[in-house]
Number of protein chains: 2
Amino acid sequence: MKEQGQGQELTIQQVAEMTGFSVHTLRYYERIGLMDPIPRAKNGHRFYQKNDFEWIVLLARLRNTGMPIVQMQRFAAMMRLGDAGISQRRALLEDHERMLLEQAQEIRQTLDLLRDKIDYYRSWEAEVKGEIHEKGG
Amino acid sequence: MKEQGQGQELTIQQVAEMTGFSVHTLRYYERIGLMDPIPRAKNGHRFYQKNDFEWIVLLARLRNTGMPIVQMQRFAAMMRLGDAGISQRRALLEDHERMLLEQAQEIRQTLDLLRDKIDYYRSWEAEVKGEIHEKGG
DNA sequence: TTACAAGTTTGAGCACGCTCTAAGTCAATA
DNA sequence: TATTGACTTAGAGCGTGCTCAAACTTGTAA
């Protein structure tokens, strides 16, 4: 029995490979309420559907950009509220958007600094090499 | 005795305020070798000089952009090598540069996604509001 | 039918990066 | 002289986010 329904199911391994989460982490996230309970096959194994997968991809993006678990839990809770949670969900995403803009600026400034230093090291290396060359003949 | 030398010294408090690190963290960083030992006044209090301060600002940028402590320790060790450490230092900074470029891309993609969702929520909110308005008269 | 691979659960363990505590020193002020 | 406040040290403690361990079930392949 390789397929359970319309053949759209993914095993936990497959989801792990596709999202970058470990299987441990996927189970952990389900445990702490970041996902609704994933449907199980008769043998107890999870099978993930398309909409589960898309939710996990969203979680991955949020997590990879530094959203704390507790905030993702709040977001998941708002999802369960349906209409009643829309404004809160928007507010939470707008908060994260602001965070990312700040993060992006810090990265830009640090990239500028790094490039200055790298250039400086490069010229220093050239100089040292030049001296060695002179010394060496 | 408010000033110790040319009046360029900073207390640990001042450095903390200026860099965003806590005084605890500044002492911790010194302990674990991220900074050379900071000179002390007769009473044992640290006084930070301009070059100490600049090094700490660099540490702050690296840390704020996600460089792990152990990598900063390697970088600090390379500083102590002088000329011999230049190429390694450049390589380490180039590694971090690459990391930041990836991070920046992840942020851009996530910002796109967030904006889509925020727009979607906004239109959803307008719709729900509209229905309430109709119902309410 | 025996072995193996892939999954399950609950709970413990761990790496990282601080953060705090306790006990003490010192200089300035009331 | 007593108190206050900012600092010192060494070491313990803690929050976050996984990550692993142990014991078990199930389905497939030899």
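Residues numbered from 1 in each chain as written. Chains lettered and ligands numbered in written order. Predicted model: local features only at pLDDT ≥ 70, side-chain atom pairs only at ≥ 80, totals over all residues. Heavy atoms only, no water.

- Per an unreviewed UniProt entry, chain A carries the name MerR family transcriptional regulator and comes from Paenibacillus terricola.

A few points about the protein's contact with DNA strand D
Move 1: The environment of DNA strand D is made up of 19 residues, and the closest members are Tyr29(A), Gln13(B), Arg27(B), Arg40(B) and Arg46(B).
Move 2: When the atoms of DNA strand D within 4 Å of the protein are grouped by moiety, sugar and phosphate amount to 74% of the total.
Move 3: Tyr29(A) places a side-chain nitrogen or oxygen 2.7 Å from a phosphate oxygen of DNA strand D.
Move 4: Side-chain polar atom of Arg27(B) to a phosphate oxygen of DNA strand D: 2.4 Å apart, as the coordinates give it. (Near = heavy atom within 4 Å. Polar contact = N/O pair within 3.5 Å; in protein donor to acceptor, adjacent residues only side chain to side chain.)

So, the relation of the copies chain B and chain A
The operation relating the pair of chain copies consists of a rotation about an axis and a translation along that axis.
Move 1: Superposition of chain B onto chain A requires a rotation of 180° combined with a translation of 0.0 Å along the rotation axis, giving an RMSD of 0.1 Å. Put plainly, the chains are arranged around a two-fold axis. Considering only C-alpha atoms, the residue of chain B closest to the rotation axis is Ala104(B), which sits at 3.2 Å.
Move 2: Taken as a fraction of all interface residues of chain B, those also at the interface in chain A reach 100%, which identifies the copy contact as same-surface. (Least-squares fit on C-alpha atoms with pLDDT ≥ 70 in both. Contact = heavy atoms within 4.5 Å.)

Examining the pattern of salt bridges
Residue and element names in this part refer to chain B.
Move 1: Taken as a whole and assessed by the stated rule, the structure comprises 18 salt bridges over all chains.
Move 2: The closest approach of N and O atoms between Glu30 and Arg40, which form a salt bridge, is 2.4 Å. Placement of Glu30 in helix H2 (residues 23-31) and of Arg40 in the loop between H2 and helix H3 (50-64) is noted, with a sequence separation of 10 residues between them.
Move 3: Classification of Glu30 by relative accessible area gives buried; the value is 10%.
Move 4: With a closest N to O distance of 2.6 Å, Glu30 and Arg46 form a salt bridge. Residue Glu30 is found in helix H2, and its partner Arg46 is found in the loop between H2 and H3; the two are separated by 16 residues along the sequence. (Salt bridge = Lys/Arg side-chain N within 4 Å of Asp/Glu carboxyl O. Helix = DSSP H or I, 4+ residues; strand = E, 2+ residues; numbered from the N terminus. Buried < 20%, exposed > 50% of the residue type's maximum accessible area, 1.4 Å probe, protein only.)

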